[in-house]
Amino acid sequence: QVYLVESGGGLVQDGGSLRLSCAASGPTTNYATAWFRQAPGKEREFVAAISWSGAMTNYAESVKGRFTISKDVAKNTVYLQMNRLKPEHAAVYYCAAATAIIGGTTSSLDGNDYWGQGTQVTVSS
């Protein structure tokens, strides 16, 4: 069982920045971590993913160059730095762990078997 706790969400103005954190606990095994988001009335979608070591990353095209995923291996915490935020980025952001992915990443919703509770990001125009 992997436990994921997100933090760092909140209200930010158009063009502002936020850094989300995902602190993981549980068995220390090799797995990938990802961020997804879900806006009201929309399906949950992939944002970014990072491998266990942090050496591999993967981004949705819509956030490339604007969002950066990183990992503090010692703290087993994954971060999502979000810059130049726009109202369309507002959503609940979820952290997810894919325990079947060894040494890589996955953007698949079904490929992630543990989820955090989510953190709300609101962007005012």
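Scroll up for the structure.
Every value quoted in this text rests on a predicted model; they were computed, and no experiment measured them. (Residues numbered from 1 in each chain as written. Predicted model: local features only at pLDDT ≥ 70, side-chain atom pairs only at ≥ 80, totals over all residues. Heavy atoms only, no water.)

Examining the pairing of strand β9 (residues 91–98)
The buried fraction of β9 amounts to seven of the eight residues, a majority that puts the element mostly inside the structure. Of the strand pairs in this sheet, strand β4 (residues 32–38) and β9 are connected by seven bridges, and their pairing is antiparallel. Counterpart to Ala-34 in the pairing with β9 is Ala-96. Of the pairings in the sheet, the one linking β9 to strand β11 (residues 119–124) comprises three bridges and is antiparallel in character. The partner of Tyr-93 across the bridge, within β11, is Thr-119. Of the pairings in the sheet, the one linking β9 to strand β10 (residues 114–115) comprises two bridges and is antiparallel in character. Bridging from a neighbouring strand, Ala-97 pairs with Tyr-114 of β10. (Buried < 20%, exposed > 50% of the residue type's maximum accessible area, 1.4 Å probe, protein only. Helix = DSSP H or I, 4+ residues; strand = E, 2+ residues; numbered from the N terminus. Pairing = 2+ DSSP bridges.)

Regarding the packing of aromatic side chains
Taken as a whole and judged by the stated rule, the model has three aromatic pairs. Arranged with centres 5.7 Å apart and planes meeting at 70°, the rings of Phe-36 and Phe-46 form a pair that is edge-to-face. With a gap of 10 residues between them, Phe-36 in strand β4 and Phe-46 in strand β5 (residues 45–50) connect regions that are remote in the sequence. Considered together, Phe-36 and Phe-46 belong to a single accessibility category, that of buried residues. Clustering of aromatic rings is evident, with ring pairs tying together Phe-36, Phe-46 and Trp-115. Here the basic side chain of Arg-19 rests over the ring of Tyr-79, its NZ or CZ set 4.1 Å away from the ring centre. (Phe/Tyr/Trp six-rings, centres within 6.5 Å; stacked < 30°, edge-to-face > 60°. Lys NZ or Arg CZ within 6 Å of the ring centre and 35° of its normal.)

These figures capture arrangement, not role.
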